Structures are given as C-alpha cells and as structure tokens.
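# Coordinate analysis (summary)
So the chains spell out like this:
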Amino acid sequence: MYNLELWIDKGTFCPRPVRPDGGMISDRKLLHDHNLVKLETGPNGTRISWVMFGANWASLYFLHAFVATCAAPVTLCYFNAGWFEETISSSVDAASRIEALVLKSDVRFSERVYIANGRPAPGEMPDSLRSIIEAGQVPDGESIVCTVDSDRGTTKVEHIGEESLLGKVWGRVPISYPALTGHSYDRIVSQSYFDVVRTGRMHYDQVLASMIMPNGEQQWFGYHRVIVPDTSIRRVPSRVRVACARAPVEIRLL
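Quick caveat: nothing in here was measured; it's all calculated off a predicted structure.

Another point: the overall build of the protein chain. Each helix and strand in the protein chain was counted, giving seven helices and twelve strands. Within the protein chain, the fraction of its 254 residues that count as buried is 46%. Put simply, 60% of the contacts in the protein chain that link residues at least 6 apart link residues at least 24 apart. Working note: accessible area of the protein chain is about 13000 Å², and carbon and sulfur atoms make up 51% of it. The positive charge centre, built from 27 side chains, and the negative charge centre, built from 28, are 4 Å apart in the protein chain.

Structural data, given as structure tokens:
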C-alpha cells in the first residue's frame, strides 16, 4: 500500500539510521530509543508512527505542516502506554489531530484498562453482539466461559471458543495474556462477572485496554462485550459466558 518510507529527526527528513556495521535497526528501536518519526505514504494513503513522550516536537510540527501534502486517508499510530491507531479521512484533519496530540505529549495514564457501561444505539452495536442479545444466549463457539467464585472473589477462564475474539486473536491456549488471572487487566474486567452472577442479568459494556498482543507489542485494544449468566448447569462456583467483538468504543483518552 505504501511505496515511500521517510524518517524525520529534529524537524527534518533524514536517512534511515543503521548500525555501525551497516546492519538494520528495527523500527521499534528507531521510534522508542532514537525518538524518530516514521512516515509511510503512497497513492492510496499515509501512515505515521511516533512515540508521544519521545519524539522531538520540531519533528512533529514539521510533520504537521507536511502531512497536508500526503494522500489520505491518514493512519496515525502513536505510543502512550501502548499503541493507539486511528484513521482520518482528510489530510487537513490529520494535521489538526497531530497538533492536538503534540499538546498532550505529557499525558500519563493511571490505569491500563477503562470500561464504559451501557449499550450503544442498536446501529452502533456489533452485529454478532446484537444477535446474542436478541437470542439471550451465547453460542459455545463464540463463548469465553468463566467460573466465578463469589466467596473467594476469584474467576477462571474455563473455555475459549474458537470463534471468540480471544480465540481468534490470541488462540485458545489458557496462558495467553487475556486468559490469565491475577494481573490488573483481569481484576478490572472480571468485576462485572460478579455483578452478573449476583443479579442474574445480562450486562453490556465497552472496554479499552492496553494489551500485550501476540507479537509482543503493547497496544490499546477496544472491544464491546456481552456477559450472560450461564444457567445451563446449576453449579458452584457459578459460570458466565462472555462474547466480545472488536469495534470502536466510546472511550476517548487523548
């Protein structure tokens, strides 16, 4: 898609740096350690990557002026406790967004998971979750089944459906980051499970979390989810079925 790669350092274009022996330096190191800005562009669009607290402001203001000449849409990838990604249809609007982000370079997040409770309008709800709400149950293949021990205050992933969001992105192994228990992500997202077990009612919310992805990168990952009490088997501890869908969330951090 992109046929031109450019690097920006201290307010001007520069050759891509190499090691003293001429070897390749990874994009990650150039962005995080060398504080460079990467611009990729072509006839069908543009992609820009930078680390918010590291990139030189002169480089970003240079980019702010230059991006208006680039092909749209413009995808902005910026790192702040994880990679954010947003696509903007207009190059002029992308320039305005870059300027706004420069002024937020010193923002630090106290949490790595944010949740917005409540259902969006039906037209803004992922089709798969709307079907689940209408049916009142989650198919096995789309389910993440969790046991919920209210007395101990613990949860455990018991089943990962092959068509579930977790299964499709991280696989069905129980040791992937989202399936593990005890870390901050688990403690925050699992709180709603206890409410569903206590009330016996379906719950809908939206989640934005800084997640360790399968490639090892930290990325802000937004999704909608439906949590349904599992009444198919009367048992202790109780169980819930969770269905998730990747979709834009009504949570804006920057």
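From this point on, the discussion continues.
Turning next to the environment of lysine 156. The residue lysine 156 is located in strand β9 (residues 154–160) in this model. For the pair lysine 156 and proline 174, spaced 18 residues apart in sequence, the C-alpha to C-alpha distance is 9.7 Å. Not counting chain neighbours up to four residues away, the residues in contact with lysine 156 comprise Val145, Cys146, Thr147 and Thr181.

Moving on to the pattern of salt bridges. Per the stated rule, a full pass over the model turns up 19 salt bridges. Note that glutamate 5 and lysine 38 form a salt bridge whose closest N and O atoms lie 3.9 Å from each other. Of this pair, glutamate 5 sits in strand β1 (residues 4–9) while lysine 38 sits in strand β3 (residues 37–42); the two residues are 33 residues apart in sequence, bridging distant segments of the chain. For lysine 38, a relative accessible area of 8% puts it in the buried group.

This part covers the side chain of aspartate 186. Note on placement: aspartate 186 falls in helix α6 (residues 184–189). The buried charged residue aspartate 186 lacks any salt bridge partner; its closest oppositely charged side chain belongs to arginine 187, at an N-O distance of 6.5 Å. Excluding residues that lie within four positions of it along the chain, aspartate 186 makes contacts with Thr155, Leu180 and Thr181.

Turning our attention to the confidence of the model for the protein chain. Mean pLDDT over the protein chain: 94, with 98% of residues reaching 70 or higher. When pLDDT is averaged over each element of the protein chain, strand β5 (residues 74–79) comes out on top at 98 and α6 at the bottom at 93.

With that settled, consider the nonpolar core. One broad rule of soluble globular proteins: the nonpolar side chains tend to lie buried together. One finds Val37, Ile48, Trp50, Leu63, Leu76, Tyr78 and Ile98 to be the most contacted residues of the largest nonpolar core, which totals 28 residues. Of all the secondary-structure elements, those providing two or more residues to this core are β3, β4 (45–51), α2 (57–66), β5, β6 (83–88) and α3 (91–102). Beyond its immediate stretch of four places on either side in the chain, leucine 76 contacts Ile48, Trp50, Phe84, Glu85, Glu86, Ile88, Ala94, Arg97, Ile98 and Leu101.

It is the contact of α2 with α3, at a shortest axis distance of 9 Å, that shows an interaxial angle of 160 degrees. Looking at the two axes, α2 sits roughly antiparallel to α3. When the axes of α2 and α3 are compared, the crossing they make is left-handed. The residues of α3 that touch α2, namely those facing Trp57, Leu60, Tyr61, Leu63 and His64, are Ala95, Ser96, Ile98, Glu99 and Val102. Broken down by class, the residue content of the contact of α2 with α3 amounts to seven nonpolar, two polar and one charged.

For the rest of this paragraph, the subject is the environment of proline 248. Tracing the chain through its elements places proline 248 in the segment after β12 (238–246). For proline 248, a relative accessible area of 75% corresponds to the exposed category. Placed 76 residues apart in sequence, proline 248 and arginine 172 show a C-alpha to C-alpha distance of 24 Å. Each residue touching proline 248, except ones within four places of it in the same chain, is listed here: Gln206 and His224.

To continue, consider unusual backbone geometry. At the junction of alanine 72 and proline 73, the peptide bond is cis and its omega measures out at 0 degrees in the coordinates. Inspection of the secondary structure puts proline 73 in the loop between α2 and β5. Despite not being glycine, lysine 10 has its phi angle at roughly 55 degrees, a positive value. In this fold, lysine 10 is placed in the loop between β1 and β2 (12–14). The exposure class of lysine 10 is exposed, given its relative accessible area of 62%. Phi is positive for asparagine 35, close to 60 degrees, though the residue is something other than glycine.

Before going further, it helps to examine α3. Helix length check: α3, at twelve residues, gives a terminal C-alpha distance of 17 Å against a target of 16 Å (1.5 Å per residue), a fit within 8%. When we look at burial in α3, the residues that qualify are Ser91, Ala94, Ala95, Arg97, Ile98, Leu101 and Val102. The buried residues of α3 occupy an angular sector of 165 degrees when projected down its axis, which confines them to one face. For α3, the elements touching its buried residues are β4, α2, β5 and β6. The opening residue of α3, the one whose side-chain oxygen lies 3.2 Å from the backbone nitrogen of valine 92, is serine 90.

Cut-off values and rules
Residues numbered from 1 in each chain as written. Predicted model: local features only at pLDDT ≥ 70, side-chain atom pairs only at ≥ 80, totals over all residues. Heavy atoms only, no water. Helix = DSSP H or I, 4+ residues; strand = E, 2+ residues; numbered from the N terminus. Buried < 20%, exposed > 50% of the residue type's maximum accessible area, 1.4 Å probe, protein only. Contact = heavy atoms within 4.5 Å. Areas by Shrake-Rupley, 256 points an atom, 1.4 Å probe, with all protein chains shown as cover. Lys, Arg positive; Asp, Glu negative; His and termini not counted. Charge placed at Lys NZ, Arg CZ, Asp CG, Glu CD. Salt bridge = Lys/Arg side-chain N within 4 Å of Asp/Glu carboxyl O. pLDDT = per-residue confidence, 0-100. Core = buried A, V, L, I, M, F, W, Y, C linked by side-chain atoms within 4.5 Å. Axes fitted to C-alpha atoms, helices over the stretch in contact; angles between N-to-C directions. Parallel < 35°, antiparallel > 145°, perpendicular 65-115°, else oblique. Left-handed = near helix turned anticlockwise from the far one by under 90°. Nonpolar A, V, L, I, M, F, W, Y, C, P; charged D, E, K, R; others polar. Expected span 1.5 Å × (residues − 1). Arc of directions from axis to C-beta. Polar contact = N/O pair within 3.5 Å; in protein donor to acceptor, adjacent residues only side chain to side chain.

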